[in-house]
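# Observations on the three-dimensional arrangement
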Amino acid sequence: MLLLLVLCLGLPLCSGSLEEVRSWSDTSEQVGLRLPRQLRLLQRLKTKPLMSEFAVKSTIISRYAFTTVSCKMLNRGSEDQEFEFLMQVPATAFITNFTMLIGDEVYKGEITEKEKKNGDKVKEKRNKTTEDNGEKGTETFRASVVIPSKGKAVFLLSYEELLQRRLGKYEHVISVRPQQLVGRLTVEVNLLENSGITSLEVLPLHNSRQKGSGRAEDDDGPPPSTVINQNETFAKVVFMPSVIQQAKIAQNGILGDFIIRYDVNREQSIGDIQVLNGYFVHYFAPKDLPPLPKNVVFVLDSSASMVGSKLRQTKDALFTILHDLRPQDHFNIIGFSNRIKVWKDHLVSVTPNNIRDGKVYIHHMSPTGGTDINGALQRAIRLLNNYVAHNDIEDRSVSLIIFLTDGKPTVGETHTLKILNNTKEAARGQICIFTIGIGNDVDFKLLEKLSLENCGLTRRVHEEEDAGSQLIGFYDEIRTPLLSDIRIDYPPSLVEQVTRTLFPNYFNGSEIIIAGKLVDRKMDLLHVEVTASNSKKFVILKTDVPVGPQKAGNDITESTRSTGDGEEDPNHLERLWSYLTMKDLLNSWLQSNDEQEREQLRQKAQVLALNSRFLTLFTTMKLKKSALQTKKLDDSYGISAATGPETVMQSLQPGPAIKKPYNPKVKVSKTSADGDPHFVVDFPLSKLTVCFNIDGQPGDILRLVSDHADSGVTVNGALIGAPAPPNGHKKQRTYFRTITILVNKPERSYLEITPHRVILDGGDRMVLPCNQSLVVGSRGLEVSVSANANITITIQGTIVFVILVHLYKKPAPYQRDHLGFYIANSKGLSGNCHGLLGQFLNQDARLTIEPSGLSKNTTSPPFPKAGEGSGTILKVKGHQVPVVWKQRKIYNGEEQVDCWFTRNAAQLLDGEYKDYLAAHPFDSETAFGMGIPRGWTLAALM
């Protein structure tokens, strides 16, 4: 089998399929007749593989995004066919995992040290293309594989990134380019920001570069079929277009970029500091500060290669930017080719006359000659240095160069290293250089390093894009400097391994992020000191931030990937710290010219990348064939790996050896929630059984067992809807589609159960099909699957849950595959346990009969039946509820149980219905009587 895996950049996304179409089209045109039947048959047999599912799920926790992509393919042809999986990944992201399932064979990616010869490995190249909006780079991940005739393949790709704040917004971009119309296409983004979400918007699909693509009919708002659910701190966005909706956007399946923009609440001037399991992250983005004056020189390439639209668009953009300068700013303009043409011999103030004269000078620029990059930069730096040196500037100011070119150095100094050294020596860290490269011929590596070494940023614009709007957008990011020379300090005895703490400038709408480790996890306060320069003074902010010990699962929870070294699972703050540290090491490595220093930085970066499973310059990814051969693994696995914030699909092995299958005709405690859903509670001390119904809404997540603080166990159930049967009294039915279990002691484990598969994440991530009998266990947790019957969860030997699997071969319209939840053993749960079922465990109940004279035998039915007037009152936990005698079927309908039924569950339960709604599948908080959850936790939105 041919396996070709390459991380390539900037290549066409659908050239193969287009060439195939052209070849058939050319043939028919040459013949001039209808294709013969044999040829048409051969064409059908060579039909390209069908993409049955394409799913992307992102979970963003405090600006840090975990994204997993899943693609499911089917080769319908009579011959083996090659398929190429393509995914555009943000250039700032690190790929953490790639897994392929080809038929019954599993190939898993393993991050290893980079070797000179990579062979069939995933490679990392740093020449970046740009995203379709032209502002941020992407890299195209490519994986080619031969799919056997009538065979299936599943591709799973995971990556992580820290979202950057620009112009006051965080932007999360997901490439949706499956290259064909897809039967099931889903993009889901879960967003958790504990400081509060102040704004959230979903942009229209953006795809300016791809030919043959389109835009949705309504391009003023979110794409069609987008659903947004949001509260103060949590938001869920789902984009699920039908095939018809996809076709209206783009017939070729290249829909574009799905973009979410949002911002968070900021209250403290010192910033927001979050702490979790020994790691801290400091988000610093002050507002309401007066802008710093800026001294700016615009350096524009006017060489012959800029002829046409590139120079025209650049001129138009500069006209707009000049009008945006503030009265306290100073500016100058340089045009360069093989000659350096300076508008004025010094910087001038912003006046109407100077703005007018500057526009006239720009208007008369004409393209000619070569490209003297070194000479232009040196002249601009001298202008700024002379202005600062010879002018008594009352206000503090920042000096900037905005440099735009479309080529490589061809005149004067052309050696890249000398240009970099000359610029760095002349600027002396006092001048920040912001570079923009236009087109494919530009030396982008040179521009990137110029900005990196001189406290600036860089952008790349493709020729077919609007260079003018990109230039304006780039300028908008840096148009308002608020602080300069920022330094953020923490007591060295309290923190260690802190990321970068010195920053030359802070621009309005951006954000400074610092991460580190706490020496003492039990500390109560962390002293933070920020020093910076404002327009007329030094700014010093000092405060002691409360950082009381926080456990994973209280306010924010960790990612679920194991380090494999026996330590506890890392959290999202640890992942964020690893990300920032890696970026710092890579930037230092790129800037260093000392070979010994570069080698030390390379080794540090490589060790961190291996520990964090980051695919970087210094690591590579090898595909290893798993020893596990599981029949119909792709059916049971399906889309599961695309449904959570986990960074790596850890393992498909079912753990310990398979034991004797569990008896599918399980008989356990009556305490359960099953069916529509019907709840049954058994009170063994009183020999009473009570039942009630909950009429929830599809999509609601119900808290069934909440004992997170004591035994560490939480059970939630997510509802799915279905139409009501004909002539029924209900408008709709609801069933449990998913049961999620969080076990926090002795170590954290997560379980997600659906009728078709079980995901166990406790050290190693395992995906178990429900159509096979097996047993796995680790860390005090055992999962026993009886094929297509039930799943038994045993926790520390004292808590046992049984989940019945209800499957329908030919379901009626009102039927859905669903689950039933039964409590077999509750000894390990505490007396403080709560939830719809948990609140009744270890409790007692009794009946009172009114009026007197009716039988007081509580274990057999008195005279009143369901529907008749009854004076029977159930007393439990201080509640008094009228009940009637009823019979209810449980255990897959195999047994009938007699119970006391209350028509008004609200009188039986603590609090209100909304108090039992979880924010997400692994929410472990409760707030009975408060109406809404106190806080949010996020373990794994699978």
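Here, every reference points to the structure presented above.
In this report, the structure presented in the accompanying data block is examined. Just so it is clear, the model here is predicted, and its values are computed rather than measured. (Residues numbered from 1 in each chain as written. Predicted model: local features only at pLDDT ≥ 70, side-chain atom pairs only at ≥ 80, totals over all residues. Heavy atoms only, no water.)

Attention now moves to the overall build of the protein chain. Tallying secondary structure elements over the protein chain gives 13 helices and 52 strands in all. Buried residues in the protein chain amount to 58% of all 942 residues. Taking the contacts inside the protein chain whose residues are at least 6 apart along the sequence as the reference set, 70% of them involve residues at least 24 apart. Carbon and sulfur atoms make up 49% of the accessible area of the protein chain, which totals about 38800 Å². (Helix = DSSP H or I, 4+ residues; strand = E, 2+ residues; numbered from the N terminus. Buried < 20%, exposed > 50% of the residue type's maximum accessible area, 1.4 Å probe, protein only. Contact = heavy atoms within 4.5 Å. Areas by Shrake-Rupley, 256 points an atom, 1.4 Å probe, with all protein chains shown as cover.)

Moving on, we get to the state of the cysteines. Disulfides are covalent bonds that link the sulfur atoms of two cysteine residues. Using the criterion set out here, one finds 2 disulfides in the structure. Paired by a disulfide, C432 and C455 hold their sulfur atoms 2.0 Å apart. Taking the sign of the S-S torsion, about -105° here, the bridge from C432 to C455 comes out left-handed. Placement of C432 in strand 25 (residues 431-438) and of C455 in the loop between helix 8 (444-453) and strand 26 (458-461) is noted, with a sequence separation of 23 residues between them. Residue C432 is classed as buried on the basis of its relative accessible area, which comes to 3%. A disulfide bridge connects C691 with C899, and the sulfur atoms are separated by 2.0 Å. Disulfide C691-C899: the torsion about the S-S bond is 65°, which places it as right-handed. Taken together, the residues span a long stretch of sequence, with C691 in strand 36 (residues 688-693) and C899 in strand 52 (residues 895-901) at a distance of 208 residues. Classification of C691 as buried rests on a relative accessible area of 0%. The exposure class assigned to C899 is buried, which follows from its relative accessible area of 0%. When the bonded cysteines of the protein chain are numbered from the N-terminus onward, they pair as 1-2, 3-4. (Disulfide = S-S within 2.5 Å.)

The pairing of strands in a sheet happens through backbone hydrogen bonds and is either parallel or antiparallel. With respect to topology, 3 strands assemble into an open sheet ordered 48-49-50, the strand pairing being antiparallel. Edge positions in the open sheet fall to strand 48 (845-849) and strand 50 (879-882), since each of these has one partner strand only. For this sheet the average axis-to-axis angle between neighbouring strands, irrespective of direction, equals 25°. Direction of pairing for strand 48 relative to strand 49 (residues 872-876): antiparallel, over a ladder of 5 bridges. Looking at the pairing, L847 lines up with L874 of strand 49. (Pairing = 2+ DSSP bridges. Axes fitted to C-alpha atoms, helices over the stretch in contact; angles between N-to-C directions.)

By the element assignment, N825 lies in strand 47 (residues 818-825). For N825, the side chain forms a polar contact with the main-chain nitrogen of K827, separated by 3.0 Å. With near-sequence residues (within four places) excluded, N825 lies in contact with G797, T798, I799 and V800. (Polar contact = N/O pair within 3.5 Å; in protein donor to acceptor, adjacent residues only side chain to side chain.)

Here helix 5 (residues 352-363) is 12 residues long and its end C-alpha atoms lie 17 Å apart, about the 16 Å a rise of 1.5 Å per residue gives. For helix 5, every residue scored as buried is listed here: N354, I355, G358 and I362. What you see down the axis of helix 5 is that its buried residues fit within an arc of 100°, all on one side. For helix 5, the exposed residues lying more than 90 degrees away from the buried face are P352 and H363. The elements touched by buried residues of helix 5 are helix 4 (309-324), strand 21 (330-336) and strand 23 (348-349). (Expected span 1.5 Å × (residues − 1). Arc of directions from axis to C-beta.)

So, on to the pattern of salt bridges. Summed over the entire model, instances satisfying the criterion amount to 27 salt bridges. Between E105 and K625 there is a salt bridge, with the nearest N and O atoms lying 3.0 Å from each other. Of this pair, E105 sits in strand 6 (residues 105-113) while K625 is found in strand 33 (residues 619-625), placing the two residues 520 residues apart along the sequence. Given a relative accessible area of 47%, K625 falls into the partly exposed group. Overlapping salt bridges bring together R63, R165, E193, D263, R266 and E511 as one network. (Salt bridge = Lys/Arg side-chain N within 4 Å of Asp/Glu carboxyl O.)

The next subject is the packing of helix 6 (residues 373-390) against helix 7 (residues 416-427). The N-to-C vectors of helix 6 and helix 7 enclose an angle of 5°; their axes lie 10 Å apart at closest approach. The orientation of helix 6 with respect to helix 7, classified from their angle, is roughly parallel. Contact with helix 6, carried on its side by I373, N374, L377, Q378, I381 and N385, involves I419, N422, T423, A426 and A427 of helix 7 and no other residues of that element. Grouping the constituent residues of the contact of helix 6 with helix 7 by class yields 6 nonpolar, 5 polar and no charged. (Parallel < 35°, antiparallel > 145°, perpendicular 65-115°, else oblique. Nonpolar A, V, L, I, M, F, W, Y, C, P; charged D, E, K, R; others polar.)

For the rest of this paragraph, the subject is the packing of aromatic side chains. In the structure shown here, the tally under the stated rule is 27 aromatic pairs. For the ring pair F434 and F507, a centre distance of 5.9 Å and an interplane angle of 80° mean the geometry is edge-to-face. Here F434 is found in strand 25, whereas its partner F507 is found in strand 29 (residues 502-507), with 73 residues between them in sequence. Take F434 and F507: they sit in the same class, and that class is buried. When the centroid spacing of 4.8 Å and the interplanar angle of 80° are considered together, the rings of W885 and W900 count as edge-to-face. (Phe/Tyr/Trp six-rings, centres within 6.5 Å; stacked < 30°, edge-to-face > 60°.)

So, on to the environment of T96. The residue T96 is located in strand 5 (residues 94-102) in this model. In this structure, the C-alpha to C-alpha distance between T96 and F614, residues 518 residues apart in sequence, is 5.1 Å.

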